[in-house]
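A structural walkthrough
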Amino acid sequence: MRNLEYVFCTLVGISSIPNTLLAGQAQPRKKPINKQQPNIILIVADDLGYGDLSCYGAHRISTPGMDRIANEGIRFTQGFCTAATSTPSRYSVMTGLYPWTSKDAKILPGNAALIIDTEKITLPKLMKQAGYATGSIGKWHIGLGDGNVDWNKDVHPGAAEIGYDYSFIQAATNDRVPCVFLENGRVVGLDPNDPLYVDYRKNFPGEPTGKNNPELLRMHPSVGHAGSIVNGVPRIGFQKGGKAAQWKDEEMAELFLDKAKQFVNDHKNAPFFLYYGLHQPHVPRVPNERFAGKSPMGPRGDAILEADWCVSEFLKELDQLGLAENTIVVLTSDNGPVLDDGYKDDAVELIGDHKIAGPLRGGKTSMFDGGTRIPFMLRWPAVVKPQVSDVFVCQMDLLASFASLLGQTYPEKLDSENTLDAFLGKSKKGREELVIEGMFNYAYRQGDWALIPPYFNPYSKEDGEFIGLGYGYKLYNLKKDISQQENLADKYPKKLGEMINRFEYLKSTTIIHHRISKIIGYYFLYLLR
């Protein structure tokens, strides 16, 4: 599967150490438990598939760190994100809104403006409202600034304006410029004598690129990724200057881990919320040398092992601080998996019999379940009993559910639903329906049924079939056909009609409601002037 995300952009086994303490070591002091205000940590991996973890059935790779969350908490078999690509999915997590209600919630270049309304409720704002310290570390990709960023000054609006007290983030993604970190809105390590400039339309005179200077590359693109070269890797977009601030890909994982640990240590004596965005296994896959070659599946497998180690080490830190018992840890992925996503890293050649989406059809960008049905697990030892749940849950519902848990309210009517009891394993009733976004195309889930409408296919036959494009409606019963191989549209015309009507009604009424709410909001702002 070629990098369809890039096409759009250009057009517009290391095991964890047992967590029991060694004999003779001091036991960590347990914190007093206040179940009304648990610490909350949301770990979101990048392009990690339903079949990429051993707790979900992977056998060519072992993920004991992530498995630990599943084994000590709830592993959801029907956990969903709202979209099969990064930015729209992350937008929903932060805002509690469907991504298609915002024209800006699309795959963003690295110099895109912040796409979240700073006047509206967000997940971190909710946490601050409840008295929590808030932090965001790692992957970002929901825009920064106002669309005309000077990277040599403070970059605002950004993480602070949507509710984070502290942030240490990428500007966008691993494969997009600028390849720098920002801490609290300021580029880290920037030399004022070597200012940083970014452009997504044309290169800067004299700057080498992946297209023109392949001799400078240590990793070559399979499609696209012909822009600026950073750390021997070609990226999307062009940047000039800022050499001292440029990241080294192989150091990124441990840097983010250290920042996450530090945030927890700094706020261990009061409730905190941490959004920890892992950058793996998104391309370019350049793991630390400790993990290079450690899996049989090349850099993609190595990157998953590295991510798993990060999770394992982070959980150990919670143990050492005595925080594990009353800390909610959610681990999930922003969207489904992909093999060839624009670099020649042998992901396809070395995959063997590993199924990146498990039994699911599709993956990243797809309307089939493999695009949005992702690893999803929650651990809260003080409250949640270990179990496997097949309840239908969605990342977008974390906002409303945590609001219920913490006794918080907000004036906006969101798409986020309160499914707290399902998240805590106390109920078999979760979300009843969900509109799913592939990549500017939409499908519908209702209970065990999935509907994919007809869409024109501008791609190859193979890519179109992967996404779910083509003539005629597709209807699947996931309970009987988890791999979505049997189209039941002709067999169940009544069910098909009901699904189509509900899907179109839900889309149209949701958009109308949000537009009316926005107009009312503007009216009240006008009255307050």
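Residues numbered from 1 in each chain as written. Predicted model: local features only at pLDDT ≥ 70, side-chain atom pairs only at ≥ 80, totals over all residues. Heavy atoms only, no water.

To continue, consider the overall build of the protein chain. When its secondary structure is counted, the protein chain shows 11 helices and 20 strands. Against the compact-globule benchmark of 24 Å for 529 residues, the protein chain has a radius of gyration of 22 Å, which places it among compact chains. Each of the three principal axes of the protein chain carries a C-alpha extent, and together these read 65 × 60 × 60 Å. A buried classification covers 59% of the 529 residues belonging to the protein chain. For the protein chain, the accessible area works out to roughly 21500 Å², and carbon and sulfur atoms hold 52% of it. Distance from the positive charge centre (59 side chains) to the negative charge centre (61 side chains) of the protein chain: 4 Å. (Helix = DSSP H or I, 4+ residues; strand = E, 2+ residues; numbered from the N terminus. Rg over C-alpha atoms; globule rule 2.2 N^0.38 Å. Buried < 20%, exposed > 50% of the residue type's maximum accessible area, 1.4 Å probe, protein only. Areas by Shrake-Rupley, 256 points an atom, 1.4 Å probe, with all protein chains shown as cover. Lys, Arg positive; Asp, Glu negative; His and termini not counted. Charge placed at Lys NZ, Arg CZ, Asp CG, Glu CD.)

This brings us to the pattern of salt bridges. Going through the model one piece at a time under the given rule, you end up with 29 salt bridges. Of the charged contacts, one joins Arg-176 and Asp-175 as a salt bridge, the two residues approaching to 3.1 Å between their closest N and O atoms. Overall, Asp-175 belongs to the buried group, its relative accessible area being 3%. Several salt bridges converge on common partners, so that one network encompasses Asp-46, Arg-90, Lys-139 and Asp-334. (Salt bridge = Lys/Arg side-chain N within 4 Å of Asp/Glu carboxyl O.)

Moving on: the sheet that holds strand E20 (residues 474–477). In space, the four strands of this open sheet follow the order E17-E18-E19-E20, with antiparallel pairing throughout. Each edge of the open sheet is held by one strand with a lone partner, namely strand E17 (433–437) and E20. On average, each strand axis in the sheet is tilted by 15° relative to the strand beside it, whichever way the strands run. Here five bridges tie E17 to strand E18 (residues 442–446), and the two strands are oriented antiparallel to one another. Paired with Ile-436 across the two strands is Ala-443, which belongs to E18. (Pairing = 2+ DSSP bridges. Axes fitted to C-alpha atoms, helices over the stretch in contact; angles between N-to-C directions.)

What follows is about the environment of Ala-171. With respect to the element layout, Ala-171 can be found in the loop between strand E5 (166–170) and strand E6 (181–183). Considered as a pair, Ala-171 and Asn-111 are 60 residues apart in the sequence and their alpha carbons are 7.8 Å apart. Discounting residues that sit within four places of it in the chain, Ala-171 has contacts with Gly-110, Trp-140, His-141, Leu-144, Trp-151, Pro-178, Val-180 and Leu-182. (Contact = heavy atoms within 4.5 Å.)

Attention now moves to the pairing of E18. Among the five residues that make up E18, four are buried, leaving the element largely enclosed by the rest of the structure. Connecting the antiparallel pair E17 and E18 is a turn made up of four residues, with Phe-440 showing a positive phi of about 65°. Sheet analysis places E18 next to strand E19 (residues 449–452), joined by three bridges and oriented antiparallel. Bridging across to E19, Arg-445 finds its partner in Ala-450. In textbook terms, the turn of a hairpin is the stretch between consecutive antiparallel strands, and for E18 and E19 this stretch comprises two residues, one of which, Gly-447, has a positive phi near 60°.

Next up on the list: the packing of aromatic side chains. With the rule as written, the count across this model stands at 20 aromatic pairs. Ring centres 5.6 Å apart and planes at 80° place the aromatic pair Phe-76 and Phe-376 in the edge-to-face group. In this pair, Phe-76 sits in strand E2 (residues 74–76) while Phe-376 sits in strand E14 (residues 376–379), placing the two residues 300 residues apart along the sequence. Taking relative accessible area as the criterion, Phe-76 reaches 0% and is therefore assigned buried. Given a relative accessible area of 0%, Phe-376 falls into the buried group. Here the aromatic rings of Phe-80 and Phe-392 are separated by 5.1 Å at their centres, their planes lie at 70°, and the arrangement is edge-to-face. Separated by 312 residues along the polypeptide, Phe-80 in strand E3 (residues 79–80) and Phe-392 in the loop between strand E15 (387–389) and strand E16 (393–394) bring together distant segments of the chain. Residue class for Phe-80 comes out buried when judged on its relative accessible area of 0%. A network of ring pairs unites the aromatic residues Phe-168, Phe-181, Trp-247 and Phe-256 as a single cluster. A cation over a ring is seen here: Arg-75 above Tyr-56, with NZ or CZ 4.8 Å from the ring centre. A cation over an aromatic ring shows up here: Arg-290 above the ring of Trp-309, its NZ or CZ 4.5 Å from the ring centre. (Phe/Tyr/Trp six-rings, centres within 6.5 Å; stacked < 30°, edge-to-face > 60°. Lys NZ or Arg CZ within 6 Å of the ring centre and 35° of its normal.)

Another aspect to go through is the confidence of the model for the protein chain. In the predicted model, the protein chain carries a mean pLDDT of 93, and the fraction of residues at 70 or more is 91%. When pLDDT is averaged over each element of the protein chain, strand E13 (residues 327–333) comes out on top at 99 and helix H1 (residues 4–11) at the bottom at 43. With pLDDT under 50 throughout, residues 2–26 is counted as low confidence; its partners more than four residues away or in other chains account for 48 contacts. (pLDDT = per-residue confidence, 0-100.)

The next point concerns the nonpolar core. In terms of nonpolar packing, the biggest core is built from 117 residues, with Tyr-276, Phe-314 and Phe-402 touching the most fellow members. Considering every element that reaches this core, the biggest residue donor is helix H6 (residues 298–320), with nine residues. Grouped together as the second largest cluster of nonpolar side chains are 30 residues, Phe-80, Phe-368, Phe-392 and Cys-394 included. (Core = buried A, V, L, I, M, F, W, Y, C linked by side-chain atoms within 4.5 Å.)

This part covers the side chain of Asp-52. Residue position: Asp-52 is located in the loop between strand E1 (39–45) and helix H2 (64–71). A relative accessible area of 0% places Asp-52 in the buried class. At 2.8 Å, the side chain of Asp-52 and the backbone nitrogen of Gly-49 are in polar contact. Apart from residues lying up to four places away in sequence, Asp-52 is in contact with Asp-47, Ala-58, Ile-61, Thr-63, Arg-300, Ile-304, Pro-337, His-354 and Ile-356. (Polar contact = N/O pair within 3.5 Å; in protein donor to acceptor, adjacent residues only side chain to side chain.)

What follows is about the environment of Asp-165. If you trace the backbone, Asp-165 turns up in the loop between strand E4 (133–138) and E5. A relative accessible area of 40% places Asp-165 in the partly exposed class. Placed 153 residues apart in sequence, Asp-165 and Leu-318 show a C-alpha to C-alpha distance of 20 Å. Leave out the neighbours within four places in its chain, and Asp-165 touches Lys-128, Tyr-132, Ala-133, Thr-134 and Asn-184.

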